[in-house]
Amino acid sequence: MTITTFKPDTAAQLADSMQWALSHGEPLEVLGTGTKRRLGRPVQAAYALDLSALSGVVAYEPEELVLTVRTGTPLAEVLPMLAARRQHFAFEPQDLGPLYGLPAGGGTVGGMLAAGLTGPRRIQAGSARDHFLGVEGVSGRGEVYKGGGKVVKNVTGYDMPKLMAGSMGTLTAMTEVTLKVLPAPEDVRTLVLLGKGDAEAVRALTSALQSPHEVSGAAHLPAAVAARSGVVARLGGAATCIRLEGFGPSVAARVAALKDELGADAVLERDDSLALWREIRDVAYFVQPAERLVWKLSVPPSEGARVAAAIREITEADVYFDWGGGLLWVAAEPGDADIRECLDGTGGHATLIRAPDDVRASVPVYHPQPEPLAALAARVKESFDPKRLLNPGRLYAGV
Amino acid sequence: MKMPTPDAGIISRRREIVERLRAIVPGEGVIVDEDELRAYECDGLTAYRQPPLVVVLPSNTQQVSQVLKACKEMGVKVVPRGAGTSLSGGALPLADGILLGLGKFNRILEVDYDNRCVVAQPGVTNLGISNAVAHKGFYYAPDPSSQIACTIGGNIAENSGGVHCLKYGLTTNNVLGVEMVLMDGTVLRLGGKHLEAGGYDLMGIVTGSEGLLGVVTEVTVRILKKPATARAVLLGFPTNEQAGDCVAAIIAAGIIPGGMEMMDKPAIHAAEDFVHANYPLDVEALLIVELDGPPAEVDYLIGTVEAIARDKGAVYARVSNSEEERLVFWAGRKAAFPAVGRISPDYYCMDGTIPRKKLPLVLQRMRELSEKHGLRVANVFHAGDGNLHPLILYDANNPGELERAEEFGNDILRLCVDVGGVLTGEHGVGVEKRDLMTHQFAEADLKQQQRLKCAFDPDGLLNPGKVFPELHRCAELGRLHISGGKLPFPDIPRF
Ligand SMILES: Cc1cc2nc3c(=O)[nH]c(=O)nc-3n(C[C@H](O)[C@H](O)[C@H](O)COP(=O)(O)OP(=O)(O)OC[C@H]3O[C@@H](n4cnc5c(N)ncnc54)[C@H](O)[C@@H]3O)c2cc1C
């Protein structure tokens, strides 16, 4: 129900907008291009802060492995620019547009970092936060400040960018960010093992991840999910997928070695591999039916199969595994039992990635935290945004 | 360097404080003897010394929690300490504060190969973790040169790196979870064995917070399978520029080596005299490039790197043909600090990061500064990520030389910031670089960081006097200054 939008062109104008909001006590919904408006708890705000005019590449230095951009810069502009220099964001940012009923290829760099969504390469290259080097922005106090730096190695002061990654715009309206970029792999292949049950599949992924072969993707698609894949459906049945990337000769050698060690029913070549891991990354299997709720569960990898079994016991959900069993994507019918209880004893947590507004207003989207941690998170929020004006309630009610 | 004025009131209450601590940590866990306290008076930055009021060595999380809670109640400051190898004075004690040593937290709690992680107490050494999993071919990737001695808790506090962090990341990229205790005694768990901690990334803030936010009492770190092979190539260049160009070209070719280190002529000579690694002595710059991974990859990339080096004007190239030879290549680099220690009574190790392309400029300016201050400097350099370690040679017995060395060091660090870099790439700010923070950060930047500290430690009792040049009360930091009122520019109805 946002009605009025501030669209600053500069950090100074952004600070003015924030000062206005402070003096009027008006909360703001912070937006890039709005592709993730359905992620997080719905924000109650009559004013929006649109950062899409803060756009443009400030510096791209491939040899230094750093990129500085204004936060409203579209990913559609940045990703091809990196690709032209054979580089990329190694954390493999997800594109959830289609999952939310929007076209693919949208979004801004700021939104990507604020959401902190990370793809299959997490197991090898880390998360969005691991590639986030520097930030400038305006706090909820209306003050322009910066944190981190513009070089790949830096421990000067607190690592503020880490805190911004995944904060969903609740701490600071970011204006400019510096990221680490890395060489994109020259080649890619995928080993596929067919017909395995979940537990057996996770064991195979574990063996692959315990090998020295630098596995960069380790996913398992149970039969019902594999059937929705544009790549592995034709192979029939459940597909356990292991990705190897790098220089051509290296990939060839590792494919051969891993095939020897684990066996493989198929090896996907480059194009099929790219297509398959894009599906896995973007949760393509759960785009339809659109009414289903989509959950993301982060658990110790060895617990993945057990948690999936517990979920299937209480509901008719579809589940698939990424991160060697450590990430579960779950599509459940609306009104289904609370799947969070299936996490008991694992130390893991669940995020409700897709659900109608009313559900996201009543069911906690982000996992409820134990009291002392929740209290600390609230104090952290307060240290940036004492009046709770930046995306209030987007992460947790009251924060 | 001035530390906050000690609180005479606290010092006069020492007996009461000791009694309270003894009630929590019995027996030898509370140290009050002057001679014994002296063992803790400094860390790796030995120019600064101060015996603490009391040393406490708790042995479990509950004791840490009770000690911190008691200190908060009594208004007593606390300095955490691991092995005391910090090079920035992060563990420098306070005359009116207790030193909280984590030495008794020295057990590995769990090795979990299925989840590829180790759960350890914070006093376990960095190498201790790798050693515990070596028999299965695993290791913990961040490898500071101090890894035999430094603790994993200290690594978290400093976000330490090593020669392999270009490819495998710093501490922060390899930690999955921590248990920590806040100054009010609250015990928290952040992250765990899963790959993504939920909520705000507090673990990311705690890592590298130099003991200012909480005391880490347990750590879960990621372990990796050792690469199948590793080979190194030594490359000598007639100029620093060419060596720098070679590094840039290797990265532009899409290669991220396992390690890529550079030494300048003084460092090469000092290292060669010390360990006889057979380094070429007639070059200005030496690169050690290590490639690791499957043999097919390593062989392929060694060829590529050699070709790039030739193209960039290398006058010397030698590839390691055995594991022994590879280790000899590294021996010189790894011994660079002690090697420099042999040619000079004292040396001062700096740690700034620069955009790599500025290397020739920075080295040139450093030569000028060396003349200005009348002190020699040798450079070792994590070339891949732009992290410089200039070693300033001086003799503390000559009056005024230490001060000159510090001034020289400060000039170098300011230079790093001025060319677009930062004050510290891995050693931390501590007390050493504290007063230079205003050169890199504006007042608003530092105040926002301090507000974050207030969320963890509102009374400012944990490791005060480190990192921030100026202390402010949290109430003062929290005050809002609202200036606006009018709409700054026309609003555009949109949705
Ligand atoms: C010869 C030598 C070589 C070195 N090489 C490197 C290198 O290659 N790379 C690198 O990054 N560093 C290097 N260092 C620096 C140093 O070893 C690291 O900073 C190391 O992480 C410090 O660990 P420590 O256990 O000695 O911590 P300490 O020196 O005891 O403490 C360091 C800081 O951590 C805090 N702290 C310690 N334990 C805890 C805890 N459990 N909870 C909260 N706070 C805590 C302290 O308060 C202090 O601020 C080197 C040092 C030496 C002497």
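See above for the structure.
### Brief notes about the interface of chain B and chain A
- At the junction of the two partners, chain B supplies 107 residues and chain A supplies 94 residues.
- For the pair chain B and chain A, the two sides together bury roughly 8200 Å², of which 59% comes from carbon and sulfur.
- Across the contact surface, chain B and chain A share eight salt bridges.
- Close ionic contact of A:Lys296 with B:Glu196 constitutes a salt bridge, the shortest N to O distance being 3.1 Å.
- Counting the contacts that link chain B with chain A gives 31 residue pairs in polar contact (both at pLDDT 80 or more).

### Section: the site of the ligand
Residue and element names in this part refer to chain B.
- Taken together, 32 residues lie around the ligand, and Pro80, Gly82, Thr85, Ser146 and Thr151 are the ones closest in.
- One of the backbone nitrogen or oxygen atoms of Gly82 is found 2.7 Å away from an oxygen atom of the ligand.
- In this structure, an oxygen atom belonging to the ligand sits 2.7 Å away from a main-chain N or O atom of Gly84.
- In isolation the ligand offers 980 Å² of accessible surface; the protein chains occlude 92% of this area.
- When contributions to the shell around the ligand are tallied by element, the ones reaching two or more residues are β3 (77-81), α6 (152-158) and β10 (215-222).
- In terms of residue count, α6 provides more of the shell around the ligand than any other element does, five residues in total.
- The residue makeup of the shell around the ligand, split by class, is 11 nonpolar, 17 polar and four charged.

### Here we look at the sheet that holds β3(B)
Residues and elements named next belong to chain B.
- Across the sheet, which stays open at both edges, the four strands sit in the order β1-β2-β4-β3 with mixed pairing between neighbours. Edge positions in the open sheet fall to β1 (30-31) and β3, since each of these has one partner strand only.
- As paired strands, β3 and strand β4 (residues 97-101) are joined by five bridges and run parallel to one another. What sits directly across from Val78, in β4, is Ile98.

Reading the values: rules and limits
The numbers attached to residues start from 1 for each chain and follow its sequence in the written order. Written order decides the labels, with chains lettered from A and ligands numbered from 1. The predicted origin of the model limits local features to residues at a pLDDT of at least 70 and limits the giving and counting of side-chain atom pairs to 80 or more, whereas totals for whole chains, interfaces and linings rest on all residues. Side-chain descriptors were evaluated using all non-hydrogen atoms of the structure, hydrogens and water having been removed beforehand. In this analysis, two residues are considered to be in contact whenever any of their non-hydrogen atoms come within 4.5 Å of each other. What gets called buried area is simply the loss in accessible area from a 1.4 Å probe that two parts show on being joined, summed for both. For this document, the term salt bridge refers to a Lys or Arg side-chain nitrogen within 4 Å of an Asp or Glu carboxyl oxygen. Under the rule applied, a polar contact is a pair of N or O atoms within 3.5 Å (in protein, one hydrogen donor and one hydrogen acceptor; residues adjacent in sequence only if both atoms are side-chain atoms). Proximity is defined per residue: if any heavy atom of the residue lies within 4 Å of a molecule or strand, that residue is considered near it. Calculation of accessible area relied on Shrake-Rupley with a 1.4 Å probe; when residues are assessed, cover is drawn exclusively from the protein chains displayed. In DSSP terms, a helix is any run of H or I states spanning at least four residues, a strand is any run of E spanning at least two, and both are numbered starting from the N terminus. Here the nonpolar group is Ala, Val, Leu, Ile, Met, Phe, Trp, Tyr, Cys and Pro; Asp, Glu, Lys and Arg are the charged ones; every other residue, Gly included, is treated as polar. Strands are labelled as partners when DSSP assigns at least two bridges between them.

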